Amino acid sequence: MAVLLSTGCGVGRDAAGSGPGQEFQFVAPGGQTRIAYDPPESRQRITDLRGESLMNPGTEVGIADFPGKVRVLNIWGSWCGPCRVEAPELQAVQDATRGDAVVLGIDVRDDRQAALDFKTDRGLTYDSIYDFSGRSLARLDGYPRNVVPSTIVLDREARVAAVFLTPVSSSDLLPLIAKLTDEAGTGRER
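Conventions we followed
Residues numbered from 1 in each chain as written. Predicted model: local features only at pLDDT ≥ 70, side-chain atom pairs only at ≥ 80, totals over all residues. Heavy atoms only, no water. Salt bridge = Lys/Arg side-chain N within 4 Å of Asp/Glu carboxyl O. Buried < 20%, exposed > 50% of the residue type's maximum accessible area, 1.4 Å probe, protein only. Disulfide = S-S within 2.5 Å. Helix = DSSP H or I, 4+ residues; strand = E, 2+ residues; numbered from the N terminus. Pairing = 2+ DSSP bridges.

Colleague: How should the pattern of salt bridges be read in this particular structure?
Modeller: Pairing is possible between side chains of opposite charge, provided their charged atoms come close. Taken as a whole and judged by the stated rule, the model has 14 salt bridges. For Asp-48, the salt bridge goes to Arg-50, with nearest N and O atoms at 3.3 Å. Arg-159 serves as the salt-bridge partner of Glu-157, at 3.9 Å between the closest nitrogen and oxygen. Across the pair, exposure class does not vary: Glu-157 and Arg-159 are buried alike.

This is the structure:
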């Protein structure tokens, strides 16, 4: 069952689509923009999401490269105004949680050089999937491709623990990451 993080109407059982343990399928939960999926056994997995590395062209990067860690997937573009504010916050999360969590971007509808300049100019060290075509993002069944920025937080077992369809800050993410790293029964992907 999904639990609402923001105020407003509650979220029904269909917020994540199918049952626990199955591949994640996002269903818009009545217009809510911040959603938490609890208890942990109700979460759905993303088995793998990968694509060409923005920072290392010709190689791939994906969530399976960080087993046992909390993963913060951030959908962004260098052309996105709110992404300019959000990016340093995500770097702060990467720096503060080194070892427990990793930030992985998904750069969408972007020019590769503009995206690299965006990362260099801001001192961002976390990698991103370069997803100009949208193929990597299309793996997230039902996920809104026009909501940029947005963030998906995966627990240590690559299950979706939270979705933010709004810009996020380190103060949004750090308490959630601490909770996810302390959850019993997590830490090993199947």
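What follows continues from the structure just given.
Colleague: I keep staring at the state of the cysteines and nothing clicks. Help me out?
Modeller: A disulfide bridge is the covalent bond that connects two cysteines by way of their sulfur atoms. Scanning all chains against the criterion turns up one disulfide. There is a disulfide in this structure between Cys-80 and Cys-83, and the S-S distance comes to 2.4 Å. Disulfide Cys-80 to Cys-83: torsion about the S-S bond roughly 80°, handedness right-handed. Like Cys-83, Cys-80 is buried.

Colleague: Which parts of the structure should I look at to understand the pairing of strand E8 (residues 150-154)?
Modeller: Remark: a regular strand shows side chains that alternate across the two faces of the sheet. For E8, the tally of buried residues reaches five of five residues, placing the bulk of the element in the interior. With five bridges connecting them, strand E5 (residues 70-76) and E8 associate as antiparallel partners. Residue pairing across strands places Val-72 opposite Val-153, the latter belonging to E8. Sheet topology places E8 next to strand E9 (residues 160-164); four bridges connect them, and they run antiparallel. Opposite Thr-151, over in E9, you have Phe-164 as the bridge partner.

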